[in-house]
Amino acid sequence: MTDTLADSRTSSRVFTEGVPLVVDGGSRRSAAERAEVLADPGFGRFFTDNMFVARYRTGQGWYDARLTPYAPLQVDPSMATLHYAQSIFEGLKAYAQPDGSVATFRPEANAARFVRSAKRLAMPPVPEEAFIAAVDALVDADRDWVPTGADQTLYLRPYQMASEPFLGVRPAREYLFLVIASPAGAYFPRGVQPVSVYVSEDYVRASPGGTGDVKCAGNYAASLLAQEQAGEAGCDQVVWLDATEKRYVEEMGGMNLFFVLGSGDDAELITPELTGTLLPGITRASLIALAEEMGHRVTERKFGVDEWRRGVADGTVTETFACGTAAVITPVGEVKARTGDFVVGDGTPGPLTMRLREALLDIQHGRVADTHGWLHRVG
Ligand code: PLP
Ligand code: COI
């Protein structure tokens, strides 16, 4: 990075207007220690040498932005987020490019969603360019941690939480915004193998007027019991239905879903429409664009479990896959539901699933021209 991480000092960078970015990070681990981690990073287990932290106080705005060594936070036991979950996050990745540079994928889309999440949780938004500056600063500082192995990436986790020590129930007056980075291999240990899913009929992820269309921590806490239930039923993941009729498929765990109708050049895709209870995934939006460019019709509409089951039985639904930043594209195989189990495909990833996966990964890893302007070079 241009600003060395030697001494605590103000770099030439700013976080946001009037807020300098102080750099007091450094390299903690040797090249050998780093290589050992990067040889088999898994997902979300290891973190880079540095992190980004900024603070916010009502009346003062954002202040004290710094790139600093990755370390535990010291928090007050009464910190609001620990009690009332006023907390949001994002997930995006940095990719090693063939020319030795590093790029993130559509960070402006994550920045915009982070603003929407903040507003929904009554939090002061991080300005979009400040979000990108913070992510860039961390990736630049820890660029040696961006893995270069096949399909390996540096997973980035920006998050914001209420940090005010106060037990009253109201929007906090103090916040922390952090970015941490974690070298990542495959999200699912078995790689690109179809996952089995359990359709949750006991629990819902999101309801109209709730927080399903933003990325707040509470959504994930509320999903864990259903995920556990899926595990008990022998399934890898949970599939959520709409809260009102418990009929329409919404999402799978932390991923959006696509259904393939037909095959070959005429194959069509259906993905659940954004009703306000689904997360508008950036991977979802990217795949809609890529599929349409390949000549496939993509329809965003409600899609029922019944239609899914019937379509599989009569051969019209040929593939199903889930997509998201962490897991990219994952085929769905076996489906378990109270109303009857069924299996999509033959136990191998479907052809359109794999074609879209390759097309997306080729762009992200810089193996084909980035005609959409989706890559953002860092440093
Ligand atoms: N749905 C949920 C609930 C998620 O947590 C995620 C992950 O971010 C997604 C969908 C996919 O979104 P994206 O493609 O932006 O990662
Ligand atoms: C992501 O795909 O980035 C997610 O946030 C999903 C999950 C790891 C929470």
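Residues numbered from 1 in each chain as written. Chains lettered and ligands numbered in written order. Predicted model: local features only at pLDDT ≥ 70, side-chain atom pairs only at ≥ 80, totals over all residues. Heavy atoms only, no water.

Draft legend 1. Molecular detail of the layout of surface pockets. Looking at the largest pocket, its volume works out to about 750 Å³. Residue lining of the largest pocket: 36 residues in total, with R157, Y187, K215, Y220 and G254 positioned closest to the centre. For the lining of the largest pocket, the secondary structure elements donating two or more residues are β8 (153-162), β9 (174-184), α5 (217-221), α6 (224-232), β11 (237-241), β13 (255-261), α7 (282-293) and β16 (317-324). Across the lining of the largest pocket, the residue classes break down as 16 nonpolar, 14 polar and six charged. Considering only enclosed or pocket space, the second largest pocket measures out at about 320 Å³ in volume. As for the second largest pocket, its lining consists of 22 residues, and the residues nearest its centre are R55, L73, Q74, S163 and L176. Among the elements of the structure, β3 (50-57), β4 (61-69) and β9 are those that each provide at least two residues to the lining of the second largest pocket. (1 Å grid on protein atoms, 1.4 Å probe; cavity = no way out; pocket = protein on both sides within 12 Å on 5 of 7 lines; lining within 4 Å. Points joined across faces, edges and corners; volume = space filled by probe spheres on them. Helix = DSSP H or I, 4+ residues; strand = E, 2+ residues; numbered from the N terminus. Nonpolar A, V, L, I, M, F, W, Y, C, P; charged D, E, K, R; others polar.)

Draft legend 2. A look at the packing of helix α3 (residues 107-120) against helix α4 (residues 128-141). Contact geometry for α3 and α4: axes closest at 9 Å, N-to-C directions at 125°. Looking at the two axes, α3 sits oblique to α4. Between α3 and α4 lies a crossing of right-handed hand. In contact with P107, E108, N110, A111, A112, F114 and V115 of α3, α4 contributes E128, F131 and I132. A breakdown of the residues in the contact of α3 with α4 according to their chemical character gives seven nonpolar, one polar and two charged. (Axes fitted to C-alpha atoms, helices over the stretch in contact; angles between N-to-C directions. Parallel < 35°, antiparallel > 145°, perpendicular 65-115°, else oblique. Left-handed = near helix turned anticlockwise from the far one by under 90°. Contact = heavy atoms within 4.5 Å.)

Draft legend 3. Region of interest: the domain arrangement of the protein chain. Annotation of the protein chain at the domain level lists domain 1 (2-184) and domain 2 (195-364). Averaged C-alpha coordinates put domain 1 and domain 2 at centres separated by 29 Å. Counting each side, the surface lost to burial between domain 1 and domain 2 is near 1,800 Å², with a carbon and sulfur contribution of 59%. It is F89, F105 and R113 that lose the most area in domain 1 upon contact with domain 2, and together they represent 31% of the buried surface on that side. Our count for the contact surface shared by domain 1 and domain 2 stands at one salt bridge. D213 is the salt-bridge partner of R116, the closest N and O atoms lying 3.9 Å from each other. A per-element tally of the side of domain 1 that touches domain 2 places α3 first, with six residues. Of the residues contributing to the side of domain 1 that touches domain 2, the split by class is nine nonpolar, five polar and seven charged. (Domains from an automatic or database assignment. Buried area = accessible area lost by both parts, 1.4 Å probe. Salt bridge = Lys/Arg side-chain N within 4 Å of Asp/Glu carboxyl O.)

Draft legend 4. View of the site of ligand 2. In the neighbourhood of ligand 2, the contacting residues comprise F89, G91, Y155, R157, Y187, K215, Y220, G254, T325 and A326. Take Y155: an N or O atom from its side chain is 2.7 Å from an oxygen atom of ligand 2. Residue A326 places a main-chain N or O atom 2.8 Å away from an oxygen atom belonging to ligand 2. Taking 280 Å² as the accessible area of ligand 2 by itself, protein coverage stands at 87%. One can see that ligand 2 is located within the largest pocket. Taken together, the residues that form the shell around ligand 2 break down as five nonpolar, three polar and two charged. Looking at the shell around ligand 2, you find at least three residues from each of domain 1 (2-184) and domain 2 (195-364). (Near = heavy atom within 4 Å. Polar contact = N/O pair within 3.5 Å; in protein donor to acceptor, adjacent residues only side chain to side chain. Areas by Shrake-Rupley, 256 points an atom, 1.4 Å probe, with all protein chains shown as cover. Sits in = over half its atoms within 2 Å of the grid points.)

Draft legend 5. Broad picture of the site of ligand 1. Inspection of the region around ligand 1 gives 16 residues, with K215, Y220, E251, T283 and T325 positioned closest. The contact in question runs from a nitrogen atom of ligand 1 to an N or O atom on the side chain of E251, over 2.4 Å. At a separation of 2.6 Å, an oxygen atom of ligand 1 approaches a polar side-chain atom of T325. Of the pockets mapped on this structure, ligand 1 occupies the largest pocket. Each residue belonging to the shell around ligand 1 can be placed in one class, and the counts come to five nonpolar, seven polar and four charged.

Draft legend 6. Structural view of the nonpolar core. Core analysis: the largest hydrophobic core is formed by 45 residues, its most contacted members being F15, F52, W62, V126, F131, L156 and F177. Among the elements that make up this core, the one with the highest residue count is α4 (nine residues). Excluding residues that lie within four positions of it along the chain, F15 makes contacts with P20, L21, F52, A54, W62, A65, V126, A130, A133, A134 and F177. (Core = buried A, V, L, I, M, F, W, Y, C linked by side-chain atoms within 4.5 Å. Buried < 20%, exposed > 50% of the residue type's maximum accessible area, 1.4 Å probe, protein only.)

Draft legend 7. Inspection of unusual backbone geometry at higher detail. Even without being glycine, D64 reaches a positive phi, approximately 50°. On the basis of relative accessible area, D64 is assigned to the partly exposed category, the value being 31%. Backbone geometry at K246 places phi at a positive 50°, although glycine is not the residue there. Relative to the helices and strands, K246 is located in the loop between β11 and β12 (249-252). For K246, a relative accessible area of 37% puts it in the partly exposed group.

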